[in-house]
2 protein chains.
Amino acid sequence: MNRPEKPFRRKLDIKNGRVDLSHGAGGRAMAQLVADLFVAAFDNDMLSAGNDQAAFDVSEGRMVMTTDGYVVSPLFFPGGDIGSLSVHGTINDVAMAGARPLYLSASFIIEEGFALSDLSRIVGSMAAAARDARVKIVTGDTKVVERGKADGVFISTTGVGVVPEGLNLSADAARPGDKVLLSGTIGDHGIAVMSKRENLTFDTEILSDSAALHGLVAAMVAAGGPGLRLMRDPTRGGLAATLNEVAASSGVGFKLEEAAIPVRPQVHAACEFLGLDPLYVANEGKLVAVVAPDHAEAVLTAMRAHPLGLDAAPIGEVVADDNRFVQLTTAFGGGRIVDWLSGDQLPRIC
Amino acid sequence: MNRPEKPFRRKLDIKNGRVDLSHGAGGRAMAQLVADLFVAAFDNDMLSAGNDQAAFDVSEGRMVMTTDGYVVSPLFFPGGDIGSLSVHGTINDVAMAGARPLYLSASFIIEEGFALSDLSRIVGSMAAAARDARVKIVTGDTKVVERGKADGVFISTTGVGVVPEGLNLSADAARPGDKVLLSGTIGDHGIAVMSKRENLTFDTEILSDSAALHGLVAAMVAAGGPGLRLMRDPTRGGLAATLNEVAASSGVGFKLEEAAIPVRPQVHAACEFLGLDPLYVANEGKLVAVVAPDHAEAVLTAMRAHPLGLDAAPIGEVVADDNRFVQLTTAFGGGRIVDWLSGDQLPRIC
């Protein structure tokens, strides 16, 4: 693009500066923040063209669109921050349709007084996450609200992607007899955030599992084809909420084996300490798939061959159940119903 | 969709209820809020399918994607509210590429304690705006933060649309000699919000101009074809910010006639009273177009034939200027430079 020299008189003081209301007012200060921080970090032609929207070519086919707001507290936690989370989380929602993510948009709502150094770190983390995932952040927006009217920064990202021809995953597609596959350990993200929030220390630090899952998904689609019924990433509300939602949408129940669900020992210990059940704790780099029985083995093999699916496991199956219950057979042979989360167990976990 | 009966025991108390942290926690309360409020109001198959993403078919071609965060204060103002604004504003950013808007996503960040009746009113207003514009809100997200960590509700919407073949509007496309056309009066939205915020009353109430401009845009594209260089909606920072941005992107200057720029008398009076310059005040239902000279008349005629362009006017032209100045010839024959807004004249105007 034939962009002229920048019309800014002073360099943005990223080291010591703070966001003020002028950075959201549509004038020179906002233009400078966008140019020096966002456009510089996200670095792509569509963004630097300086339009209020990004334009891109598409082929005939099926697309998906998804959005998520990120309000995680604290903003920085072991294994990630709100920036990487806002990229991974939305990529994953695109990927759960079996789709290949293409482009992201980002809307920032920033509290007056927020340190530009923190904003720069978050934006850098978003840029790195997007680069690693080969997804471009092509358009965005910045608003600033008065001190005390937000909490640091909130980020809403939206993703679009393309669905491979013939694939049609949907929450209402689970059928009795289908197998349930989980891509790895649960609870890591929620416990990483909680431990930081509560100032807990463990012998081994628990890291968020925040990761972009579209590579794993592509491998599963290649292996499972039409045998893949649906995929979900169990974020807020954990595996329990996700499977209850699917049960309601598909009109089925689930029977899970507790012993088959991978949980790291230190996450298990932290959950006991905090009075939490790992089934309800958020994940940001895991998926659960419902697969037709004759395709389950092939999909599981493909998952275990991918770096983000090394601990993948079959954890149970779909059953006919007019009550749409998610049932768990415990390690001691008993059973219990895994209900929806009914309170606010872990606010602002993502 | 084959959705089973809802798994909620009590009806959502929209009249007296308030949003609490459980409405953002991923459990039953959130599922109920989504089903009874959002899905019911936005009412379309893609949303009610209950997936974390919306899927739709596209033809081969060029698409645009745009996002905006809305933090307007107060939430309700003469002529609109944050809900209608969040639909109109994002549709307009899609439309400024000459594109036909197709789908919107919506991310809500809500403060604990926010009245469900207000949320319902806002969501109803979004639904009505989307329906009137024939654009579907197909996916969304809800987060709740603790009391005092947000300000009622913030909404980020993202829009996608398709660009007519052969059309390529861009901020860097203005050329010396091009004409500048404005679709109507400026300053209405900003003054409507400010008057509510400052509790000002005028003889005639000033209403926000908030409106979806894609119909007007389609008429302009049909009339102007390749003669249309670019369009912009002068929101935050007003016409001054918009034209300074275009001047920087295209490497040109602008010469405007002050007397040609339509301003309602009561907006003019309010601006004098508040110490504001209408050139810097936000609009939410106006556009400015840069058009090749031999197409300007046809585009202007098309604008004036549309209900949202009745007051359309030619207000000046693009000039060669290495300084990229926006210059104004005043009604008294003098001249001044319309610089970027340098402070935070009107925070939270959109």
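Calculation criteria
- Residues numbered from 1 in each chain as written.
- Chains lettered and ligands numbered in written order.
- Predicted model: local features only at pLDDT ≥ 70, side-chain atom pairs only at ≥ 80, totals over all residues.
- Heavy atoms only, no water.
- Contact = heavy atoms within 4.5 Å.
- Buried area = accessible area lost by both parts, 1.4 Å probe.
- Salt bridge = Lys/Arg side-chain N within 4 Å of Asp/Glu carboxyl O.
- Helix = DSSP H or I, 4+ residues; strand = E, 2+ residues; numbered from the N terminus.
- UniProt positions renumbered as here; feature names shortened; annotations may be inferred.
- Least-squares fit on C-alpha atoms with pLDDT ≥ 70 in both.
- Domains from an automatic or database assignment.
- Polar contact = N/O pair within 3.5 Å; in protein donor to acceptor, adjacent residues only side chain to side chain.
- Buried < 20%, exposed > 50% of the residue type's maximum accessible area, 1.4 Å probe, protein only.
- Pairing = 2+ DSSP bridges.

S.K.: Mind showing me how you'd approach the interface of chain B and chain A here?
M.R.: Facing 86 residues of chain B, the contacting portion of chain A comprises 86 residues. Between chain B and chain A, a total of about 7,000 Å² is buried, with carbon and sulfur atoms accounting for 52% of that surface. Where chain B packs against chain A, one counts 12 salt bridges. Its salt-bridge partner being Asp57 of chain A, residue Arg62 of chain B comes within 2.9 Å of it at the nearest N-O pair. Those elements giving two or more residues to the side of chain B that touches chain A turn out to be helix H1 (28-42), strand E1 (54-58), strand E2 (61-70), strand E5 (100-111), strand E6 (136-145), strand E7 (153-163) and helix H7 (238-250) of chain B.

S.K.: Help me out: how do you make sense of the UniProt feature "domain: PurM-like C-terminal" (unreviewed entry) in chain A in this one?
M.R.: Mapped onto the present numbering, the UniProt feature "domain: PurM-like C-terminal" (unreviewed entry) falls on residues 175-326 of chain A. Annotated as residues 175-326 of chain A, this span is 37% helix and 17% strand, and its ends, taken at the C-alpha atoms, are 14 Å apart.

S.K.: Quick question: what am I supposed to make of the relation of the copies chain B and chain A here?
M.R.: Note on the copies: chain B fits chain A at an RMSD of 0.0 Å, the axial shift is 0.0 Å, and the rotation between them is 180 degrees. Given the turn and translation reported, the copies of this chain are related as if by a two-fold rotation axis. Most of the interface of chain B is mirrored in chain A: 100% of its interface residues are interface residues there too.

S.K.: Help me out: how do you make sense of the domain arrangement of chain A in this one?
M.R.: One frequently used descriptor of interface size is the decrease in accessible area upon assembly of the parts. Residues and elements named next belong to chain A. Partitioning chain A into structural domains gives domain 1 (21-163) and domain 2 (179-337). In this structure, domain 1 and domain 2 have C-alpha centres spaced 27 Å apart. Domain 1 puts 19 residues into the contact, and the matching count from domain 2 is 21 residues. For the pair domain 1 and domain 2, the summed buried area comes to about 1,700 Å², and 63% of that belongs to carbon and sulfur atoms. Per-residue buried area on domain 1 facing domain 2 is highest for Pro78, Asn92 and Met96; these three make up 37% of the total on that side. Our count for the contact surface shared by domain 1 and domain 2 stands at eight residue pairs in polar contact (both at pLDDT 80 or more).

S.K.: Mind showing me how you'd approach the side chain of Thr242 of chain B here?
M.R.: Within the fold, Thr242 of chain B resides in helix H7. Excluding anything up to four places from it in sequence, Thr242 of chain B contacts Arg232, Asp233, Pro234, Thr235 and Val288 of chain B.

S.K.: Which parts of the structure should I look at to understand the pairing of strand E13 (residues 326-329) of chain B?
M.R.: All names here are of chain B. Only one face of E13 is covered, namely the one carrying Val326 and Leu328; the face carrying Gln327 and Thr329 has none of its residues buried. Summarising the sheet, strand E10 (residues 253-257) and E13 pair through four bridges and their orientation is parallel. Bridging from a neighbouring strand, Glu257 pairs with Thr329 of E13. Examined bridge by bridge, E13 and strand E14 (residues 335-337) share three bridges and lie antiparallel to one another.

S.K.: Explain the environment of Leu167 of chain A to me, please; I cannot follow it from the model alone.
M.R.: Residues and elements named next belong to chain A. Following the sequence through the fold, Leu167 ends up in the loop between strand E7 (153-163) and strand E8 (179-182). Along the chain, Leu167 and His306 lie 139 residues apart, while their C-alpha atoms are 21 Å from each other. The residues touching Leu167, leaving out its near neighbours within four places in the chain, are Ala97, Gly98, Val221 and Gly225.

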